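Structure assessment
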Amino acid sequence: MRFLSWAYLALAFVFIYLPVAVLLLFSFQESRLPVPPFNGPSLKWYAKVLGDADLMSAIGHSFAVALVSSIISLLLGFLAAQGLARYRLPGSVLMRGLLIAPMTVSYLIIALGLLTMLSSLGIKPSLWATGIGHVVINLPLCFAILFAAMGDHQKNAERAARDLGASEFNVLRLVTAPMLFAPLCAAFFLSVTFSWDEFIIAFLLTRFDVTLPVEIWSMLRSGLSPATNAIGSLVFLVSVAVLLMLELTVFRKKPA
Amino acid sequence: MSFEKAGRRHAIKLVAPALLWTLTFFVLPFAAMIWMSLSSLQGREIISGPDTGNYVRIFSDPSLFKGLIVSLEITVIVTVISVVLAYPLAWIIAMRVPAKWQRLALLLAVLPFWTSYVVRSYAWLLVLGQNGIINVALLQSGFIAEPLQLVATRSATIIGFVHFFVMLLTLTIYANLIQLSPNYARAAADLGAGAFATFRHVVLPLTLPGIVTGAFLTFVLCIGDYITPQILGGNNELSLPQLIMLQLGRRGDFPMASALSVVLMLIVTIAYAACARWLKMDRV
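Residues numbered from 1 in each chain as written. Chains lettered and ligands numbered in written order. Predicted model: local features only at pLDDT ≥ 70, side-chain atom pairs only at ≥ 80, totals over all residues.

If you tally the helices and strands in chain B, you get 12 helices and two strands. Counting from the amino terminus, helix and strand elements in chain B follow one another as α-β-β-α-α-α-α-α-α-α-α-α-α-α. For a compact globule of 284 residues, the expected C-alpha radius of gyration is about 19 Å, and chain B comes in at 24 Å, more than 25% above that figure. With the C-alpha coordinates aligned to their principal axes, the bounding extent of chain B is approximately 85 × 70 × 30 Å. When burial is assessed residue by residue, chain B has 39% of its 284 residues classed as buried. Partitioning the intrachain contacts of chain B with sequence separation of at least 6 by distance along the chain shows that 70% fall at a separation of at least 24. (Helix = DSSP H or I, 4+ residues; strand = E, 2+ residues; numbered from the N terminus. Rg over C-alpha atoms; globule rule 2.2 N^0.38 Å. Buried ≥ 20, exposed ≤ 12 C-beta atoms within 10 Å, placed from the backbone. Contact = placed C-beta atoms within 7 Å.)

As structure tokens, this is what we get:
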């Protein structure tokens, strides 16, 4: 039984890591095709990718959209969670339902809806439209995480601050937000990740100023290439580095 | 009383921006899409309805109806396989791996999550391709004489999906398993239950809500995904999202794309109603 467990674990890890290993290995391929036999190591595809202006501007676009849309999602989600967690409002169940509803809808449908609405208003697809779509998908996430994290001990601290004469804005800024530091970071980080990696909304709602996943998609059109391996590996390694950094700093205290 | 009122006004001010955003950029577009689905494309003109012609066509035109069936089949297969593979993995990490190493084991099990979604499907293309490593390994070891056709098949789509969802489900099921107090299993053992009986009658029922929540998430994400079937499945059989994109791209048929999306949405709603009993979504 014990042996079976370890064997299963090992097999599962082989399955999970197989595509990643192939991706990383053949990013160092010397020849033009990322398939066996491996004839590297060579860094030329990394050099090519880093010198590719389209790819670099796509990374810039992705970063900007991820940052701006996550800040808006976090802010709106935080305020809404505070409003619904602290006060008894008529129809609060309905409001909560409405706010998390986009979570159960496919991104494709959200994208198509926005595209339909924008085009009937005569608005052209752009990076801004993509950002709006990304707030739609990330707002429910931020709201749900922060709503779940708001407990009673924070309520008491807020009340104390109010009794001592703090304005509502200062209560939020100086008491609520610092007490929710870890969930705020988690929500923000998840939003950035989802936006950064989101394809279909960006694909349908941008035209020329595309994001990274869309740019990679268009690289795939011209067939297999170690260049795609290289950019994929770079994105993966940077994500893992950021993840490790956060794990060691912000989320350290959180028990497993 | 006036304090209560002031508080309420303040609360509405806090919630209003998020509600307004959701109404403007989610509810309104959705309504526009439903209206669009009731229009029709004649030549290059979109004629406003209401007209149920698109919906009639989805269920009568075999090329469209087949997409619906293909999507449902793939999604159900992927959901079942992913749960069956992920549960033991989560269980082993939660029960067999020493507590000290559990967080690391879990982190490692889901690390490839952080490759970009498009790139992950592409990586499977490299693994499964005509001269990909699986075919090369099988050819060189003499198991096969001709390379197997693995990509541009339904199996490839399923493998790509299962890879992604096994990681996702391992996370959700693990989170459920470690919340179980070991006392339940001990009590069952004291009452004479064997390992299997304990699992079957105690652990499994207690983790069922977590499984169903994860399975529902898998279902929703899988049936709405365009990338994996497009990269790995090819064009031999089209899934619903591929059909939607085809209507948008080649034909510019917004009404039909919208109608197909509404059908997709309905399927997800039905799936939600079917699992609502076990879903813990309402807790958030």
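With that out of the way, let us pick up the interface of chain A and chain B. Between chain A and chain B, the contact holds 69 residues from the first and 64 residues from the second. Elements supplying a minimum of two residues to the side of chain A that touches chain B: α1 (2–25), α3 (53–86), α4 (92–100), α5 (107–120), α6 (127–149), α11 (212–221) and α12 (226–248) of chain A. Considering each element in turn, the side of chain A that touches chain B owes the most residues, 12 residues, to α1(A).

With that out of the way, let us pick up unusual backbone geometry. Put simply, Pro36(A) and Pro37(A) share a cis peptide bond, and its omega is 0°. Examined against the element boundaries, Pro37(A) turns out to sit in the loop between α1 and α2 (44–50). Located in the positive-phi region is Ala152(B), a residue other than glycine, with phi close to 60°. Along the polypeptide, Ala152(B) turns up in the loop between α6 (133–140) and α7 (154–177).

Look at α1(A) against helix α5 (residues 117–128) of chain B: their axes get within 8 Å of each other, and the N-to-C directions meet at 85°. Put simply, α1(A) runs roughly perpendicular to α5(B). Contacts from Leu18(A), Pro19(A), Val20(A), Val22(A) and Leu23(A) in α1(A) reach Val119(B), Arg120(B), Ala123(B), Trp124(B), Leu126(B) and Val127(B) in α5(B). Broken down by class, the residue content of the contact of α1(A) with α5(B) amounts to 10 nonpolar, no polar and one charged. (Axes fitted to C-alpha atoms, helices over the stretch in contact; angles between N-to-C directions. Parallel < 35°, antiparallel > 145°, perpendicular 65-115°, else oblique. Nonpolar A, V, L, I, M, F, W, Y, C, P; charged D, E, K, R; others polar.)

Further remarks concern the environment of Gly122(A). Residues and elements named next belong to chain A. For glycine 122, the location among the structural elements is in the loop between α5 and α6. The exposure class of glycine 122 is exposed, given the 6 C-beta atoms found within 10 Å. Considering only alpha carbons, one finds glycine 122 and leucine 98, 24 residues apart in sequence, at a separation of 27 Å.

When pLDDT is averaged along chain B, the result is 88; 97% of the residues meet or exceed 70. Interface confidence in the predicted complex, given as ipTM, is 0.88; pTM for the same model is 0.89. (pLDDT = per-residue confidence, 0-100.)

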